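Secondary and tertiary structure notes
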Amino acid sequence: MEQLLLPAIDWLAVLPVGLTSILGLVLLALGLFVDDDETLGWITLIGLAVTAVATACLAGQKSITFNGTFALDAYALFFDLLFLVAGIVVVLMSMTYLEGTGIPSGDYYGLLAFAIAGMIVMASATDLIVVFLGLEIMSISVYVLAGAWRTQLRSNEAAMKYFLLGAFATGFLLYGIALVYGATGAFRLDRIATAVGDTPNRTMLIAGVAMLIIAFGFKVAAVPFHMWTPDVYEGAPTTVTALMAVAVKAAGFAAFVRVFLHGFGGLHADWSMLLWVIAALTMTVGNVLALAQRNVKRMLAYSSIAHAGYILVALVASGAAGGTAALFYLLVYSFMTLGAFGVVAALGSVGEPNETLDDYAGIGFRRPLLGVTMTIFMLSLTGIPPLAGFAGKFYVFTAAIREGYYVLAVIGVLNSAISSAYYVRVLIAMYLTPGAEEHGRVARQPYLLTSIVVSAVMTVVVGVFPALWMQLARFGFLSL
Amino acid sequence: MLADRDSSLGPMKDLVLYLTDVAGPLRFAPYELVAMVAMLLFGAVVVFGFVLPVAGITSWLERRVWARIQSRVGPNRVGPQGFLQWLADGLKNLMKEDIIPSAADPWLFALAPYLVVIGFVATFAVVPFGDVLVIADLDIGILYITAVTGLVVVGVLMAGWASNNKWSLLGGIRSAAQIVSYEIPAGLSIFPVVLLTGTLSMQEIIRAQGWAPWHWFLFHDPFTFAAFFVFFVAALAEGNRTPFDLPEAESELVAGFCTEYSGMRYLLFFLAEWGNLYVIGAIVTTLFLGGWQVPPVTEHPVALAVFQLATFFAKAYFFVFVAMWVRATLPRVRVDQLMILCWKYMVPIALVNVVGTAIWMVVVPTSLGRVVAIAMTIGGAALVVIFFRRVRFHLRRARLGPADYYYSPFI
Amino acid sequence: MGAALFLLVAALTVVAALGVILHPNPVKSALFLVVTLFLLAAVFVLLEAHMIAALQIIVYAGAIMVLFLFVIMLLNLRNDDPERGRRRYVLRGLAWIGGVALAIELALLVRGASVGSAGSAPAGYGGAAAVARSLYTDFLLPFELTSILLLAAVVGAVVLAQKQRRPTLS
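Note that the coordinates shown come from a computational prediction; the quantities given were computed from them, not determined experimentally. (Residues numbered from 1 in each chain as written. Chains lettered and ligands numbered in written order. Predicted model: local features only at pLDDT ≥ 70, side-chain atom pairs only at ≥ 80, totals over all residues.)

Re the domain arrangement of chain C
Residues and elements named next belong to chain C. Under the domain assignment used here, chain C contains domain 1 (1-80), domain 2 (82-114) and domain 3 (124-165). On a C-alpha basis, the centres of domain 1 and domain 3 stand 22 Å from each other. Of the residues assigned to the side of domain 1 that touches domain 3, the class counts are three nonpolar, one polar and one charged. (Domains from an automatic or database assignment. Nonpolar A, V, L, I, M, F, W, Y, C, P; charged D, E, K, R; others polar.)

See the structure below:
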C-alpha cells in the first residue's frame, strides 16, 4: 500500500470549531446521565466561554490550512467570537426558558454547540464545499432546535416549514456550487477569484452565482426568500428564535461576504445590481409588513428581515467601507436583537406566551427592568443616537453614499423612519396603555435577566463608543 | 464497466477480436456491438447453465437436509435420491397459469420478481471460483455485491405494495426494514477484511490469504473472528432466512410479500432466496476462509482450476448447510427482538471490530500476529472437537438404539 | 459507442426524472426516482467513476429510496392531490410555465458554454484507491466535517422522534 500524504494541518486554525464540536459531544453524553438542566446549562456556558477565550487568544494569527480550504484570520475570529458570545447569551436565556418545556436539555445544548460549530466553519471556509458543510451542520441543528418543543404544535410547524424550505435552499446552493465549479473548475475561493476573469463559460458562472444568492438569501431571510421567517420565528422556542435571528443570520452573512467579496469580487458589477434590488425590497417589505403585526415575536421577525436589508446595502456598497460597515452592523444588530427576544422570553411562561401587544400593556411599570431594557432595544433598533443601532446605520449609509448608491441610501433612511412606527408602538403599549393588575408572583428569572442586561449594556456601550468596535470590524474585514 | 471493455471482456476478448477481424465472419459489425452481444450471450449461458442449477440444487439440498434433521425422508423420487426434484418443480411451475390479481398493479406486480432475481444473479459476476475462474474481477467487487443486492429490497417492497393485500404490504415493509437495518452490520463487518487487504477486489482479498486456516482472515485476530460471525448472522437476516424470516412468517402474514404470487413468479422469489444462500456462503468464503486457495499440490492449470473450484464450492456449501441447520433448529424471533439485535448488539460489535482491526494492524507486530493466528486456529479446532463430543455425549445419554440414528447420508 | 451509450442513458434518465414529477401515484413517483438514481449510477460508470457509481446505488437506490418507499407505503398515500379545483390547474399552469422558462434559459446557457474534451481517464481513475486518496488529501476537511454533520443529523432525528422523557407542565 502506498503512503498517503496528508495535507499540512494548522491545528490552531481549527481550534474554535474543534472545541465547540467536542463540547457538543460531551453535552450529548452528559445529557444521558445528568438530569439537572441547570448543571448542563452551566457546563455549556463554561465550554463556550473557554472556547471564546481560546479564540480571542488566537487574535493576530493568520494562516490557511487543509489545502487552502479553511482560514484562520481576523475575519473568521471576529465572527467566531460573535457566534460564541451570542451562543453564551442564548444559553443564559435558555437556562430559564427551558424550565417546564420538557425539552431534553442535554440534546438541546448539544445541538446548540453543533450549530455554533457549523457557523464557525462557515465563517472560516474558503472553499465552497466547506461552506456547504458548515451551512448544513448549522441548519440541521437549528431545524431540530426549532422543533425541539415537541408538545407545541406551532413549534412542530416551524421545524417542518424551516426544514422543507431550507432543504430547497440547500438544493439551490449545491446547484450553484456545481455550476460555479463547471465554469471555473474550482471550489476554492482563491482559485475561483483568479478564474472568474477569463472563464469561457461566463453565463454558466453567472447562473451559479445567482443560485448562490438565492441560497444565502434564504439563510439571511432576504426578500423574496423570506416567506418562512415569520412563521418559523414565531413558532420556534423564543431562545432558538433569538439564535436564528442573530447567529444564523450572522453566519449566513459571514459566508455571503467572504464568498462574494473574496471569490466573486471580479463579478461585483454583475451581482451588485441583483443585490441592490434585493436589498431595497428586503428593507421595504420587512418594515411595511412589520407595521401590520400585533404579535411582538412576529414583528421582531419582520424587523430582522428589514435589518438584513440594511446589511445587504453594505454588501452592495462593497469595498473596505461597505464590508466594515456590514461586520459592524451585524455586531450591533446581534446585541439588540438578542436582548429584544430575551424580553419576549421573559414575559412569557409555559402555556402563556404573552406575545401580543395587548399583553405588553403596562409592563413598563409592572416589570421596570424589562421596561427599561426593552426601551433601549427598541430605540436602538429604530436607530436613535446614542444607541448602537444609530452607529450601525450611520456607517452603512455612509458607505453606500461613498460608493455612489444614493438611491439605496435614501430608501434605507426612509425605511428607518417607517420602522420607528412599530418599534415605538411597543413602547406605547408598555408605558402608555393601562395594563391589567398584577396577578400572581413573577417567577425568578436570574439567568434570563442577566442575558438581557448584558445585551442592553453592550447596546449602549457600542453606541456610545463605536470607534473601538468599528476598529475591530475594520481589522476583521481587511484581513479577508 | 462497458467503458472499461477490454478488462471486463476477459477471455472473450480474443473471440470478439477474431469475429470482428477484417477477415472474420462478422467483419461488417462494429466491435462494440459484437462485444455487447457476446457479453449478453455469455451472461445468459452463465445464468442458465450455472446460476439456476446452483439455486435449484440448493433447494433440493435444503429439503433433504431439513428432512434428515426432522427424521423424515424428503424428496427422493425424481432422479437418484431425488436429485432432479428441482428440475421437475421448475418445469411444473413454468407451465402453471400466470395469475395477476385484478386489484394488483399489473406492471409492478409482474416486474417485482425479476428485480429480486436480478439482484442475486448479478452478484455472480464477481464471485471468484478460482484463480482465473471469475467473470469480472472488479476493482470495487465487494461493494458491487452490496450495491446490487440493494435491488432485492426494491423488488420485495414493490411486490408487497403491488399485490394490494395487507399481508403482502406488511411483509414487504418488514423485509425492507430488516434488510436496510442489517446491511449496516454486514457492511461494517466487511471493513476489517478490507482494512487488512487494502482492496475491495474479491480476487485480491483471496490472494491476501492462504490455503491454511491460519492464513485465513477468520483466524487472523479476535476482531476478524467476531466480524465473521456478525457478517454471517447479518447476511442470514438480509436473506430473510430463519430465524429472521419475519417477512414471510406463515403464522402471521400467510406468505408475506409473495402471498399473491403463483407459478413461475412465485418460484422466482424462492430461486432468489436459495441462490442468495449460496451467494452468502461464497462471500463468507471469500472474505474469511481463503476462498479458492489450495495447497500447492499440482501445477497443471486445468487440475488446479478444478481443485480450486471444488475447494471453493465445498467451503461455500458448508455455510449453505449451516444456514439450513440453523433454519431447522432455531425458532423465529420477534420484530422488536430483530431490531434490538441489530441496532443494540451487532452494529456496536461491528464498529468495535473495525476499530479493533485498525489498532491491531498498527500495534501488533507480524511475528506475534502469526502466533496469534495459529493459536486461534487451534482454539477454533478445539471448539469444533468439543462441540462434536458434546453432541455424541447427548446422543448417548438419550439411550437411542442404533435404529434411531445413523450416519448414512442417504436413506 | 461511448457517446451513443451516454445519450441513451441520459435520455432515459430524463424520462425517468419526468416520471418522478408527473406520475400522480406517489409510490410510482418514488420508484421512478429509484430508476433515475440507477441511471445516474450508469452515467457515473460511463465516466469511469466506478466507486461513485457503486456508492450511488448503495446509498441512494439501496437505502434512502427504500426508506422513502417505506414511509409512503406506511402512510398509504394514493393518488392524492392536496390542491383541488381550479386553483390546482392555475398552480400547475404556473409551475409548468416557470419550469419550461427555466429549462429554456438553462439550455441557452449551456449552448453558450464550451465543453472541453475530457480525454481518456488515467489507469485506476475512479476506483476505490483514487476516491480514497482524494478524500484524505484534497477533501480531508470536508470528509471530517461530514462526520459532524451526520452526527448532528442523527441526534436531531432522535430528539424529534424519541419518546418524551419527562412529562411537561403544560
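As for the interface of chain C and chain B
In this complex, chain C contributes 25 residues to the contact, which on the side of chain B involves 23 residues. Of all the secondary structure elements, the ones that give two or more residues to the side of chain C that touches chain B are α1 (2-22), α2 (26-46) and α3 (50-75) of chain C. Counting residues per element, the side of chain C that touches chain B draws most heavily on α3 of chain C, which supplies 14 residues. Residues of the side of chain C that touches chain B, tallied by class, amount to 20 nonpolar, four polar and one charged. (Contact = placed C-beta atoms within 7 Å. Helix = DSSP H or I, 4+ residues; strand = E, 2+ residues; numbered from the N terminus.)

Brief notes about the environment of leucine 188 of chain B
Residues and elements named next belong to chain B. Summarising the element assignment, leucine 188 is placed in helix α7 (residues 166-197). Between the alpha carbons of leucine 188 and leucine 351 there is a distance of 6.7 Å; along the sequence they are 163 residues apart. Apart from residues no more than four positions distant in its own chain, leucine 188 is found in contact with Ala350, Leu351 and Val354.

Considerations on the interface of chain C and chain A
A common way to report how large an interface is uses the accessible area buried once the components associate. Taken together, the contacts link 27 residues of chain C with 40 residues of chain A. Elements with a contribution of two residues or more to the side of chain C that touches chain A: α4 (85-112), α5 (128-136) and α6 (140-161) of chain C. Sort the elements by how many residues they give to the side of chain C that touches chain A and α6 of chain C lands first, with 13 residues. Residues that form the side of chain C that touches chain A fall into these classes: 15 nonpolar, eight polar and four charged.

Quick word on the packing of helix α9 (residues 222-238) of chain B against helix α13 (residues 335-363) of chain B
Residues and elements named next belong to chain B. Look at α9 against α13: their axes get within 9 Å of each other, and the N-to-C directions meet at 150°. For the crossing formed where α9 meets α13, the hand is left-handed. Residues Phe223, Thr224, Ala226, Ala227, Val230, Val233 and Ala234 of α9 pack against Met346, Ile349, Ala350, Asn353, Gly356, Thr357 and Trp360 of α13. Residue classes in the contact of α9 with α13 are distributed as ten nonpolar, four polar and no charged. (Axes fitted to C-alpha atoms, helices over the stretch in contact; angles between N-to-C directions. Left-handed = near helix turned anticlockwise from the far one by under 90°.)

A closer look at unusual backbone geometry
The residue after valine 223 of chain A, namely proline 224 of chain A, is reached through a cis peptide bond having omega 5°. If you trace the backbone, proline 224 of chain A turns up in the loop between α8 (202-219) and α9 (229-235). With an omega of 5°, the peptide bond between proline 385 of chain A and proline 386 of chain A qualifies as cis. Looking at where proline 386 of chain A falls in the secondary structure, it is placed in the loop between α15 (368-382) and α16 (388-402). In this model, serine 318 of chain A sits at a positive phi of 55°, which is unusual for a non-glycine residue. Of note, serine 318 of chain A is situated in the loop between α12 (296-317) and α13 (319-347). Residue classification places serine 318 of chain A among the buried positions, given that 21 C-beta atoms sit within 10 Å. A positive phi is found at asparagine 164 of chain B, a non-glycine position, where the angle reads about 55°. Structurally, asparagine 164 of chain B is set in the loop between α6 (141-162) and α7. A tally of 15 C-beta atoms within 10 Å means that asparagine 164 of chain B is categorised as partly exposed. (Buried ≥ 20, exposed ≤ 12 C-beta atoms within 10 Å, placed from the backbone.)

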